[in-house]
Amino acid sequence: MNIFKFLKFAVLFILFLIIFYLFEYGFNFDAWDKLIRPFLLSVLTVLIFLKPALKVKMLFLVGFCFALMILADLVYQPIFAQTLGGFGFSLLVVTIFFYLPQIIKKGHVEKF
(Lines give C-alpha, C1' and ligand atoms only; values in the text may rest on other atoms or scores of the structure.)
Protein backbone atom coordinates (compact mmCIF):
# COMPACT_ATOMS: atom_id res chain seq x y z
CA MET A 1 0.00 0.00 0.00
CA ASN A 2 2.86 2.41 0.75
CA ILE A 3 4.36 1.76 -2.69
CA PHE A 4 1.06 2.78 -4.29
CA LYS A 5 0.97 6.04 -2.31
CA PHE A 6 4.60 6.77 -3.21
CA LEU A 7 3.97 6.10 -6.91
CA LYS A 8 0.88 8.29 -6.84
CA PHE A 9 2.86 11.10 -5.19
CA ALA A 10 5.75 10.71 -7.64
CA VAL A 11 3.55 10.70 -10.75
CA LEU A 12 1.52 13.70 -9.57
CA PHE A 13 4.69 15.55 -8.59
CA ILE A 14 6.34 15.05 -11.98
CA LEU A 15 3.13 16.00 -13.80
CA PHE A 16 2.70 19.21 -11.77
CA LEU A 17 6.41 20.03 -12.07
CA ILE A 18 6.19 19.89 -15.86
CA ILE A 19 2.96 21.93 -15.90
CA PHE A 20 4.28 24.64 -13.56
CA TYR A 21 7.60 24.85 -15.38
CA LEU A 22 5.84 25.30 -18.72
CA PHE A 23 3.55 27.96 -17.23
CA GLU A 24 6.50 29.81 -15.70
CA TYR A 25 9.19 29.63 -18.38
CA GLY A 26 7.73 27.94 -21.46
CA PHE A 27 10.00 25.57 -23.35
CA ASN A 28 13.16 27.48 -22.34
CA PHE A 29 15.48 25.53 -20.07
CA ASP A 30 18.46 27.74 -19.29
CA ALA A 31 19.56 26.84 -15.78
CA TRP A 32 18.76 24.48 -12.92
CA ASP A 33 17.92 27.34 -10.56
CA LYS A 34 14.73 27.97 -12.55
CA LEU A 35 13.35 24.73 -11.12
CA ILE A 36 13.05 26.10 -7.57
CA ARG A 37 9.63 27.80 -7.81
CA PRO A 38 7.99 25.06 -9.94
CA PHE A 39 9.47 22.45 -7.56
CA LEU A 40 7.99 24.14 -4.47
CA LEU A 41 4.65 24.70 -6.16
CA SER A 42 4.55 21.06 -7.27
CA VAL A 43 5.25 19.76 -3.77
CA LEU A 44 2.60 22.01 -2.21
CA THR A 45 0.05 21.21 -4.93
CA VAL A 46 0.51 17.47 -4.48
CA LEU A 47 0.15 17.92 -0.71
CA ILE A 48 -3.11 19.83 -1.24
CA PHE A 49 -4.25 17.16 -3.71
CA LEU A 50 -3.52 14.26 -1.35
CA LYS A 51 -4.53 15.98 1.92
CA PRO A 52 -7.34 18.50 1.26
CA ALA A 53 -7.30 19.64 4.91
CA LEU A 54 -4.07 21.52 4.16
CA LYS A 55 -5.89 24.08 1.98
CA VAL A 56 -6.43 26.42 4.92
CA LYS A 57 -2.78 26.21 5.92
CA MET A 58 -1.77 27.08 2.37
CA LEU A 59 -3.86 30.24 2.61
CA PHE A 60 -1.89 31.18 5.73
CA LEU A 61 1.33 30.50 3.81
CA VAL A 62 0.09 32.80 1.03
CA GLY A 63 -0.55 35.55 3.57
CA PHE A 64 2.91 35.01 5.06
CA CYS A 65 4.49 35.28 1.60
CA PHE A 66 2.62 38.51 0.92
CA ALA A 67 3.64 39.94 4.31
CA LEU A 68 7.29 39.08 3.63
CA MET A 69 6.93 40.62 0.16
CA ILE A 70 5.78 43.91 1.69
CA LEU A 71 8.60 43.81 4.23
CA ALA A 72 11.18 43.09 1.50
CA ASP A 73 9.81 45.95 -0.56
CA LEU A 74 10.09 48.31 2.40
CA VAL A 75 13.78 47.47 2.87
CA TYR A 76 14.50 47.97 -0.85
CA GLN A 77 14.92 44.34 -1.90
CA PRO A 78 12.86 44.34 -5.12
CA ILE A 79 14.07 40.99 -6.50
CA PHE A 80 13.25 39.17 -3.27
CA ALA A 81 9.89 40.97 -3.05
CA GLN A 82 9.03 40.05 -6.64
CA THR A 83 9.96 36.41 -6.06
CA LEU A 84 7.87 36.14 -2.89
CA GLY A 85 4.93 37.94 -4.48
CA GLY A 86 4.98 35.72 -7.55
CA PHE A 87 5.23 32.57 -5.45
CA GLY A 88 2.45 33.74 -3.11
CA PHE A 89 0.14 34.61 -6.00
CA SER A 90 0.83 31.27 -7.74
CA LEU A 91 0.06 29.38 -4.55
CA LEU A 92 -3.10 31.46 -4.10
CA VAL A 93 -4.31 30.52 -7.59
CA VAL A 94 -3.62 26.83 -6.94
CA THR A 95 -5.42 26.93 -3.59
CA ILE A 96 -8.45 28.73 -5.05
CA PHE A 97 -8.52 26.16 -7.85
CA PHE A 98 -8.84 23.40 -5.25
CA TYR A 99 -11.53 25.36 -3.37
CA LEU A 100 -13.59 25.89 -6.56
CA PRO A 101 -15.60 22.60 -6.42
CA GLN A 102 -16.55 23.33 -2.82
CA ILE A 103 -17.63 26.90 -3.71
CA ILE A 104 -19.73 25.69 -6.66
CA LYS A 105 -21.30 22.95 -4.53
CA LYS A 106 -22.43 25.47 -1.92
CA GLY A 107 -24.01 27.60 -4.64
CA HIS A 108 -21.84 30.71 -4.33
CA VAL A 109 -20.86 30.47 -8.01
CA GLU A 110 -23.12 29.11 -10.72
CA LYS A 111 -21.91 26.37 -13.01
CA PHE A 112 -20.96 27.44 -16.52
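Refer to the structure printed above.
Everything quoted here is computed from the prediction, not taken from an experiment.

A. View of the overall build of the protein. When helices and strands are counted, the protein shows 4 helices and 0 strands. Along the protein, helices (α) and strands (β) appear in the sequence α-α-α-α when read from the amino end. Here the contacts in the protein between residues at least 6 apart in sequence split such that 56% fall between residues at least 24 apart. Put simply, the protein shows about 8400 Å² of open surface, and 75% of that area lies on carbon and sulfur atoms.

B. The pattern of salt bridges, seen in detail. Tallied over the entire structure, the rule returns 1 salt bridge. Measuring nitrogen to oxygen at the nearest pair gives 3.6 Å for the salt bridge that ties Glu24 to Arg37. With Glu24 in helix H1 (residues 2-25) and Arg37 in helix H2 (residues 36-50), this pair connects stretches of sequence that are 13 residues apart.

C. Representation of a nonpolar patch on the surface within the structure. Together, Ile14, Ile18, Leu22 and Phe27 make up an exposed nonpolar region whose accessible area comes to about 450 Å². Residue position: Ile18 is located in helix H1. What makes Ile18 partly exposed here is its relative accessible area of 49%.

D. Molecular detail of the nonpolar core. Among the nonpolar cores identified, the biggest contains 17 residues, and Phe87 and Leu91 are the most heavily contacted of them. When contributions to this core are tallied by element, the ones reaching two or more residues are H1, H2, helix H3 (55-74) and helix H4 (78-106).

E. Layout of H3. With 20 residues, H3 should reach 28 Å at 1.5 Å per residue; the first-to-last C-alpha distance of 29 Å fits that figure. Listing the buried residues of H3 in full gives Lys55, Met58, Val62, Cys65 and Ala72. Across the axial projection of H3, the buried residues extend over an arc of 90°, all falling on one side. Exposed side chains of H3 directed beyond 90 degrees from the buried face belong to Lys57, Phe60, Leu71 and Leu74. After H3 finishes, the residue Tyr76 shows a positive phi value of roughly 60°.

Parameters and conventions
- Residues numbered from 1 in each chain as written.
- Predicted model: local features only at pLDDT ≥ 70, side-chain atom pairs only at ≥ 80, totals over all residues.
- Heavy atoms only, no water.
- Helix = DSSP H or I, 4+ residues; strand = E, 2+ residues; numbered from the N terminus.
- Contact = heavy atoms within 4.5 Å.
- Areas by Shrake-Rupley, 256 points an atom, 1.4 Å probe, with all protein chains shown as cover.
- Salt bridge = Lys/Arg side-chain N within 4 Å of Asp/Glu carboxyl O.
- Patch = residues over 30% accessible without salt bridge, like charges linked within 9 Å, V, L, I, M, F, W, Y side chains within 5 Å.
- Buried < 20%, exposed > 50% of the residue type's maximum accessible area, 1.4 Å probe, protein only.
- Core = buried A, V, L, I, M, F, W, Y, C linked by side-chain atoms within 4.5 Å.
- Expected span 1.5 Å × (residues − 1).
- Arc of directions from axis to C-beta.

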